Amino acid sequence: MRVLPETFLCSMGVLLFFLFFQVERGGAMEPFIGGAFIAFLGIYFAKSSIKNFKNFELSKKWPSVTGVVTKSSVWRPKSTSAHHVWSIEYIYSVNGKDYQGTRAALYTPLYEEIINWQQDRQEGDKTDVFYNPANPAESVLVTGGRDEKKYGEIILSVAVTLFGLAIMVAGYLGYLN
């Protein structure tokens, strides 16, 4: 994800401002810097989460074409893991130009979803392919996001940001020294 120069400069300005006053007070810097790092990560993840949420909603309006599945398999990265991955490849055409896609959805599917999708989409099968009209090379087989976790990423990233800010303030005030 691209971080806007204004956002980066503003974040660095606030960080330097607090660093200056922390040094002036003679306090320990570790809690403040650690909190700033966590807060900055939280802000980054919040921006990414909001972008993902918007893409989930926009993808519901993407047009579809008929494509053909060229590869479909389910595998586990580790034999001891319960996590399964669906490896899918498909071809489709938009306005006479051929594309190849490898993305099933804009979110990480659950095991049950993977098995159902894979059973419905075997090699050689025709399938609906939804593509981004602004960038037809971007495509998925399932649009939207998972409704039961619709705001989960956003809530988690805001909580991480607030946690980082709390550590920063507590460190600045000397409660963590």
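Residues numbered from 1 in each chain as written. Predicted model: local features only at pLDDT ≥ 70, side-chain atom pairs only at ≥ 80, totals over all residues. Heavy atoms only, no water.

## Points about the nonpolar core
If you look at the biggest cluster of nonpolar residues, it comprises 21 residues, and the most contacted ones within it are Trp86, Ile88, Tyr92, Trp117 and Leu141. Going through the elements one at a time, strand 1 (64-75), strand 2 (85-94), helix 3 (111-120) and strand 4 (126-132) are the ones with two or more residues in this core. Residue contributions to this core peak at five residues, all from strand 2. (Core = buried A, V, L, I, M, F, W, Y, C linked by side-chain atoms within 4.5 Å. Buried < 20%, exposed > 50% of the residue type's maximum accessible area, 1.4 Å probe, protein only. Helix = DSSP H or I, 4+ residues; strand = E, 2+ residues; numbered from the N terminus.)

## Points about the environment of Pro136
Mapped onto the elements, Pro136 comes out in strand 5 (residues 135-140). What Pro136 contacts, discounting residues up to four positions off in sequence, is Tyr92, Val94, Tyr99 and Tyr131. (Contact = heavy atoms within 4.5 Å.)

## Observations regarding a nonpolar patch on the surface
The grouping of Val169, Leu173, Tyr175 and Leu176 at the surface amounts to a nonpolar patch, some 440 Å² of accessible area in total. Position of Val169 among the secondary structure elements: in helix 4 (residues 152-172). (Patch = residues over 30% accessible without salt bridge, like charges linked within 9 Å, V, L, I, M, F, W, Y side chains within 5 Å. Areas by Shrake-Rupley, 256 points an atom, 1.4 Å probe, with all protein chains shown as cover. Salt bridge = Lys/Arg side-chain N within 4 Å of Asp/Glu carboxyl O.)

## Section: helix 2 (residues 30-59)
Between its first and last C-alpha atoms helix 2 spans 43 Å; for 30 residues at 1.5 Å apiece the expected length is 44 Å, and the two agree. Within helix 2, the full set of buried residues consists of Pro31, Phe32, Gly35, Ala36, Ala39, Gly42, Ala46, Ser49, Phe53, Phe56 and Ser59. (Expected span 1.5 Å × (residues − 1).)

## Some points on the pattern of salt bridges
What the rule picks out here adds up to one salt bridge. The salt bridge involving Glu57 is made with Lys60; its shortest N-O contact spans 3.5 Å. A relative accessible area of 28% means that Glu57 is categorised as partly exposed. Using a relative accessible area of 42% as the deciding quantity, one classes Lys60 as partly exposed.

## With respect to unusual backbone geometry
A positive phi is found at Asn95, a non-glycine position, where the angle reads about 50°. On the secondary structure map, Asn95 appears in the loop between strand 2 and strand 3 (97-101).

## Quick word on the sheet that holds strand 1
Reading across the sheet, the five strands line up as 3-2-1-4-5 and stay open at both edges, with antiparallel pairing between neighbours. Edge positions in the sheet fall to strand 3 and strand 5, since each has one partner strand and no second. Ignoring which end each strand starts from, the neighbouring axes of this sheet average 40° apart. When strand 1 meets strand 4, the two strands line up antiparallel, connected through five bridges. Bridge pairing links Val65 to Val129 in strand 4. Against the sheet, helix 3 makes contact with strand 1 and strand 2, and its axis sits at roughly 120° relative to strand 1, the strand it touches most. (Pairing = 2+ DSSP bridges. Axes fitted to C-alpha atoms, helices over the stretch in contact; angles between N-to-C directions.)

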